[in-house]
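Okay, here's what each chain looks like letter by letter:
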Amino acid sequence: MKFADLHLHTKFSDGTFTPEELAGHGARLGFAALALTDHDSVEGCARMAAACGAAGIEFIPGAELTAEHRDTEVHILGYFLDTENRMLREKIAGFQAVRQNRVREMVAALNKLGVPLQAEAVFALANCRSPGRPHVARALVKERLIGNLDEAFDKFLKKGRPAWVPKTKVSALESVGLIHQAGGLAVMAHPGLNRTDEIIPDLVDAGLDGIECFHTKHSTVMSERYLEIAEKHHLLVTGGSDCHGFSKGRPLIGGIKLPYQHVEKMKQAVAGKKPATTDAHG
Ligand code: AMP
Ligand code: ZN
Ligand code: FE
Ligand code: FE
């Protein structure tokens with residue numbers, strides 16, 4: 001039986017593994033295919049492709065875009081992306097600028113609370129263009145300004161806490177379009193975490209291709225529910241661990257093993273979207 005993990009993060013966003021380390025774990029666990037889905041970034045894809053190639057693993061270039069629809073945050077996964085696509089690159093650069101500004105705002109809020117963290121300490125630790133709250137939390141721990149990551153979120157960073165800064169998000173419907181124009185498939189990430197089932201029909205109308213039925217934080221009942229929804233809307237079924245490396249304890253890779261048949265269906269769907277390159281008469 002062949003398996004895939006289609007939801008993975010590296011140091012190019014808030015994961016702790018390099019692409020090479022991640023591919024190494026994938027190989028050790030016997031995965032046939034892996035997708036990289038860093039937050040608002042495709043920068044790790046080239047190295048991940050090379051590392052997977054060397055390990056005999058099929059690689060799917062992807063990203064996880066932070067978006068919103070009707071005031072609800074929703075993460076849209078893009079798969080089989082042309083990572084050189086100009087509009088994708090431009091938009092992602094914009095999303096990353098928003099993330100960097102947000103770090104500065106979170107740090108300013110912390111400073112107001114008397115917590116002497118410096119934005120540069122967060123950027124140095126993150127060492128990537130797509131920083132986020134986990135990097136602020138890690139910097140707080142590293143600078144001994146808080147005991148641990150959970151405390152950092154509970155006391156300062158989670159929604160409603162004093163250093164929480166809302167993210168300027170892009171429309172989920174636009175994100176679906178952005179992924180499509182870059183040759184990719186658009187998939188709704190971990191719907192069970194966001195509890196935003198009511199927006200699924202709108203996303204489907206906008207051309208959503210799939211739904212992440214299997215995720216580390218989905219219960220069996222949730223997965224079954226989203227399998228039913230996928231069938232109802234004729235959506236592809238995907239799944240992944242959402243592994244962030246050692247950032248949240250034990251690495252999650254290996255916890256979700258998506259049967260490879262779903263990857264086959266995704267490949268058929270991508271091939272169906274591409275304009276035919278063969279001669280119509282041949
Ligand atoms: P951001 O995109 O900057 O808002 O950060 C989102 C990231 O923070 C996701 O990877 C979440 O898994 C992580 N996160 C959110 N809430 C918590 C929490 N309470 N403890 C640890 N990590 C969290
Ligand atoms: Zn993350
Ligand atoms: Fe997510
Ligand atoms: Fe994720």
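Sorry if this is basic, but what is going on with the coordination of the iron ion (ligand 3) here?
Put simply, a metal with four donors set out as a tetrahedron has ideal angles of 109.5 degrees, and one with six donors set out as an octahedron has ideal angles of 90 or 180 degrees. Taken together, E64 (OE), H75 (ND1) and H190 (NE2) make up the protein donors of the iron ion (ligand 3), found 2.0 to 2.2 Å from the metal. Counting the intervening residues between successive donors of the iron ion (ligand 3) yields the motif E-x10-H-x114-H. The distance between the iron ion (ligand 3) and the iron ion (ligand 4) is 3.6 Å, with E64 acting as a donor to both metals. With E64 in strand 3 (residues 58–69) and H75 in strand 4 (residues 72–79), this residue pair connects regions lying 11 residues apart in the sequence. For E64, a relative accessible area of 1% gives the class buried. Classification of H75 as buried rests on a relative accessible area of 12%.

I tried to follow the coordination of the zinc ion (ligand 2) on my own but got confused; where do I start?
Around the zinc ion (ligand 2), the protein contributes the donor atoms D14 (OD), D14 (OD), H39 (NE2) and H244 (NE2), which lie 1.9 to 2.6 Å from the metal centre. Counting gaps between the donor residues of the zinc ion (ligand 2) yields the pattern D-x24-H-x204-H.

Explain unusual backbone geometry to me, please; I cannot follow it from the model alone.
Negative phi values dominate among residues other than glycine, just as trans dominates among peptide bonds. Notably, D40 is not glycine yet its phi reads approximately 45°, a positive angle. Relative to the helices and strands, D40 is located in the loop between strand 2 (33–36) and helix 2 (45–55). With a relative accessible area of 3%, D40 lands in the buried category. Phi at N127 is positive, roughly 50°, even though this residue is not glycine. Relative to the helices and strands, N127 is located in the loop between helix 4 (119–126) and helix 5 (133–142). Given the relative accessible area of 66%, N127 is considered exposed.

Conventions used here
- Residues numbered from 1 in each chain as written.
- Chains lettered and ligands numbered in written order.
- Predicted model: local features only at pLDDT ≥ 70, side-chain atom pairs only at ≥ 80, totals over all residues.
- Heavy atoms only, no water.
- Donors = N, O, S within 2.8 Å, 3.2 Å for Na, K, Ca; no water.
- Helix = DSSP H or I, 4+ residues; strand = E, 2+ residues; numbered from the N terminus.
- Buried < 20%, exposed > 50% of the residue type's maximum accessible area, 1.4 Å probe, protein only.

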